[in-house]
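A look at the structure
Chain residues, written in single-letter form:
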Amino acid sequence: DRVAPVHLNDFAFTADEIQLTALKEISVCDAQLNFLPAFIPRCTMIQSLSLNNNRFSELPEDICKCLTLLTELRLSHNNILEIPDSISLLTDLRVLALTGNQLTYVNEVIAECCTLLEELHVSNNQIQTLPINFSRCHETLKSLDLENNRMNKMPPVAVKLTQLTSLKLAGN
């Protein structure tokens, strides 16, 4: 009695530019997407984008290039292998959720350029440590979820993150 999943790779979204630019939040989860629907990069004013539970193997470049006002980006439970350097274009980013992907490391450009980051969720990946430059996030990072990765010790940089109110390391 389960409803068959909807495939949105060929999804057509009809709206004029004014409607698209008025959108502040988009959520297209559980849609079996493996690439970004063409209408999303045209929504240049969105602040929150959730693409959880799809089939992305990489973070779509158009997200970073076109959606520079994002404060929240959620791409959990996909097949993403790495965080590209272009994430540096998302300078207003406050929440980054990449739980349940195939990440083996956290790109150091996040700490260099995403200076407002408050929450980083990268549990259930294959991460072994955090880059030392994550100490740059000491004034903003409040929540760090590293559960179920491949860390064999607490990341040394974690003690320098003085604003942390939540640090999750279980399952390492």
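Predicted model, so just to flag it, every value in this text is computed and none were measured.

Right, let's get into the nonpolar core. L49, L51, I63, L73 and I87 are the most contacted members of the largest nonpolar core, which has 47 residues in total. Counting residues per element, the ones that place at least two in this core are α2 (61-66) and α3 (109-113). Top element by residues in this core is α3. It accounts for three residues.

Evaluated as defined, the whole model comprises two salt bridges. Note that R74 is salt-bridged to E72, the shortest N-O span being 2.7 Å. You can call E72 partly exposed: its relative accessible area is 23%. The partner of E118 in a salt bridge is R94, and the shortest N-O contact between them spans 3.9 Å. Placement of the pair is E118 in the loop between α3 and β5 (119-121) and R94 in the loop between β3 (72-74) and β4 (95-97), with a sequence separation of 24 residues. The class of R94 is partly exposed, set by a relative accessible area of 30%.

It is worth spelling out the side chain of S50 at this point. Turning to its location among the elements, S50 is positioned in strand β2 (residues 48-50). For S50, the side chain forms a polar contact with the side chain of N52, separated by 3.3 Å. Apart from residues no more than four positions distant in its own chain, S50 is found in contact with I26, S27, V28, C29 and R74.

The seven strands lie next to each other as β1-β2-β3-β4-β5-β6-β7, forming an open sheet whose pairing is parallel. In this open sheet, the two edge strands, each paired with only one partner strand, are β1 (25-27) and β7 (166-168). Averaged over all adjacent pairs, the angle separating strand axes in this sheet is 5°, with direction ignored. With three bridges connecting them, β5 and strand β6 (residues 143-145) associate as parallel partners. From the neighbouring strand, E119 faces β6, where its bridge partner is S143.

Here is what the cut-offs are and how they apply
Residues numbered from 1 in each chain as written. Predicted model: local features only at pLDDT ≥ 70, side-chain atom pairs only at ≥ 80, totals over all residues. Heavy atoms only, no water. Core = buried A, V, L, I, M, F, W, Y, C linked by side-chain atoms within 4.5 Å. Buried < 20%, exposed > 50% of the residue type's maximum accessible area, 1.4 Å probe, protein only. Helix = DSSP H or I, 4+ residues; strand = E, 2+ residues; numbered from the N terminus. Salt bridge = Lys/Arg side-chain N within 4 Å of Asp/Glu carboxyl O. Polar contact = N/O pair within 3.5 Å; in protein donor to acceptor, adjacent residues only side chain to side chain. Contact = heavy atoms within 4.5 Å. Pairing = 2+ DSSP bridges. Axes fitted to C-alpha atoms, helices over the stretch in contact; angles between N-to-C directions.

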